[in-house]
Amino acid sequence: MKKITVVGSGSWGTAIAVLLNDKGYNVTLWSWKQEECDAIQNDGENKEFLPGIKIDEKIKLTSDISCVADKDLIVLVSPSRVIRDTAKKMAPHIKNNTPIVILSKGLEDKTLKTLSQIVEEEIPSSPVAALSGPSHAEEVAKKVPTTCVVACKDLKVAEYIQEVFMCPYFRVYTNDDILGVEIGGALKNVIALCAGITDGIGFGDNTKAALMTRGIKEISRLGVKMGAKESTFYGLTGIGDLIVTCTSMHSRNRRAGILIGQGNTLNEALEKVHMVVEGVYSAGAAYELSKKYEVEMPIVEKAYDVLFNNLSPKEAVLSLMKRNKKDEIV
């Protein structure tokens, strides 16, 4: 029986702990605060982040980070902004060569590094993979058929993780382009925020389709310049994840965007969503990466201005529509 620790007890971490427990593994779910562990234990569910989903009492709940010791796999699902701090705390307890798979999506603000690059820096003895794709926690927890991709520089590690996660309702593909998988997963949240904003303004399907299509073009343009494979962005972790995040009300990025489009400030929107909105953090990193790599990303630029420079959402859309004429493919 494999021993697995899931680090992060939000909706996604909880759903994955349930999936892995259902497969018969020995699962520990770590939360940063003991009060949350106690609440889940007492309620038999994660009422704050994943209400209505039973948490089997066989899943161990703890706030002691040493729970990552002597495990066959570590599943890291903490918010992107605390990944480095969490990895630092994990490092002293992890034995050499314990694989770590990151399910969080985002980029580090100051360094502009991907989450796998951060974990590799903090825990250099472990192989690091990333699992991503169109996968709302609420649906996975209800056993809705879902497909994802696990990426690692070492395909043998990716195949090991693929085998751990695969089940009749959760299909996993492999990929060796971990950079492309992580860039797609992080930046689609920015486009989903924009899609939500257009919904909040009252625009229609035409506008959203344009945002999604031109958005994946921007993401792939940057990713390729950074060294990723273009084909990755037209798979599950690129266009697949973009579709589900831009169109579903499960998407906290879209919900936050709707509130901003309706006239709420960024802080008001974040407070009402009451969950981590990764697109806000990724927007700043994406904007800086576009400058660093000299890649034209007009949607990302306008998203940045709406979020941080008080640009009116309607003015942002008008500005994008009035850009100079150009060929679609260039």
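Placed above this text is the structure.
In what follows, the accompanying structure is described. (Residues numbered from 1 in each chain as written. Predicted model: local features only at pLDDT ≥ 70, side-chain atom pairs only at ≥ 80, totals over all residues. Heavy atoms only, no water.)

## Side note on the overall build of the protein
Part 1 of the reasoning: Of the regular secondary structure elements, the protein holds 14 helices and 10 strands.
Part 2 of the reasoning: Taking 20 Å as the expected radius of gyration for a compact globule of 330 residues, we find that the protein reaches 19 Å, a close match to that expectation.
Part 3 of the reasoning: Its C-alpha atoms give the protein principal-axis dimensions of roughly 60 × 40 × 35 Å.
Part 4 of the reasoning: Counting over 330 residues, the protein shows a buried share of 57%.
Part 5 of the reasoning: In the structure as shown, the protein presents an accessible area of about 14,600 Å², 50% of it carried by carbon and sulfur atoms.
Part 6 of the reasoning: Within the protein, one finds 41 positive and 42 negative side-chain charges whose respective centroids are separated by 2 Å. (Helix = DSSP H or I, 4+ residues; strand = E, 2+ residues; numbered from the N terminus. Rg over C-alpha atoms; globule rule 2.2 N^0.38 Å. Buried < 20%, exposed > 50% of the residue type's maximum accessible area, 1.4 Å probe, protein only. Areas by Shrake-Rupley, 256 points an atom, 1.4 Å probe, with all protein chains shown as cover. Lys, Arg positive; Asp, Glu negative; His and termini not counted. Charge placed at Lys NZ, Arg CZ, Asp CG, Glu CD.)

## Notes on the pattern of salt bridges
Part 1 of the reasoning: Here the structure, examined in full by the defined rule, presents 16 salt bridges.
Part 2 of the reasoning: Close ionic contact of Lys 143 with Asp 22 constitutes a salt bridge, the shortest N to O distance being 3.1 Å. Here Lys 143 is found in the loop between helix H5 (137–140) and strand E9 (146–151), whereas its partner Asp 22 is found in helix H1 (residues 11–22), with 121 residues between them in sequence.
Part 3 of the reasoning: On the basis of relative accessibility, which here comes to 45%, the residue Asp 22 falls in the partly exposed class. (Salt bridge = Lys/Arg side-chain N within 4 Å of Asp/Glu carboxyl O.)

## Remarks on the environment of Lys 3
Part 1 of the reasoning: Locating Lys 3 in the fold gives a position in strand E1 (residues 3–7).
Part 2 of the reasoning: Setting aside anything within four residues of it in sequence, one finds Lys 3 in contact with Asn 26, Asp 70, Lys 71, Asp 72 and Leu 73.
Part 3 of the reasoning: At 3.2 Å, the side chain of Lys 3 and the backbone oxygen of Asp 70 are in polar contact. (Contact = heavy atoms within 4.5 Å. Polar contact = N/O pair within 3.5 Å; in protein donor to acceptor, adjacent residues only side chain to side chain.)

## Thoughts on the packing of helix H7 (residues 178–201) against helix H9 (residues 236–247)
Part 1 of the reasoning: Their axes nearest at 9 Å, the elements H7 and H9 cross at an angle of 30°. Between H7 and H9, the angle is such that the two are roughly parallel. Crossing angle aside, the handedness with which H7 passes H9 is right-handed. On H9, the residues touching Val 181, Gly 184, Gly 185, Lys 188, Asn 189, Ile 191, Ala 192 and Ala 195 of H7 are Thr 237, Asp 241, Leu 242, Thr 245 and Cys 246. (Axes fitted to C-alpha atoms, helices over the stretch in contact; angles between N-to-C directions. Parallel < 35°, antiparallel > 145°, perpendicular 65-115°, else oblique. Left-handed = near helix turned anticlockwise from the far one by under 90°.)

## Describing helix H11 (residues 266–273)
Part 1 of the reasoning: Along H11, the residues that are buried comprise Leu 266, Ala 269 and Val 273. Along the axis of H11, the buried positions cluster into a sector of 65°, meaning they face one direction only. Exposed residues on H11 whose side chains face more than 90 degrees from its buried face are Asn 267, Glu 271 and Lys 272.
Part 2 of the reasoning: Structurally, H11 contributes buried residues whose contacts are with helix H10 (252–261), helix H12 (278–292) and helix H13 (298–308). (Arc of directions from axis to C-beta.)

## A few points about the sheet that holds strand E10 (residues 170–175)
What links the strands of a sheet is backbone hydrogen bonding, and the strands pair in either a parallel or an antiparallel sense.
Part 1 of the reasoning: The strand order across the open sheet built from eight strands is E5-E2-E1-E6-E7-E8-E9-E10, with neighbouring strands paired in mixed fashion. Edge positions in the sheet fall to strand E5 (60–62) and E10, since each of these pairs with one other strand and no more. This sheet shows a mean twist of 25° between the axes of neighbouring strands, independent of strand direction.
Part 2 of the reasoning: Of the pairings in the sheet, the one linking E1 to strand E2 (residues 26–30) comprises five bridges and is parallel in character. Opposite Lys 3, over in E2, you have Asn 26 as the bridge partner. (Pairing = 2+ DSSP bridges.)

## Some points on the pairing of E10
Part 1 of the reasoning: In the sheet, E9 pairs with E10 via six bridges, with the strands oriented parallel. Bridge pairing in E10 links Val 149 to Tyr 173.
Part 2 of the reasoning: In this fold, E9 hands off to helix H6 (residues 155–165), which returns the chain to E10; that crossover is right-handed. (Right-handed = clockwise from strand over helix to strand, strands pointing away.)

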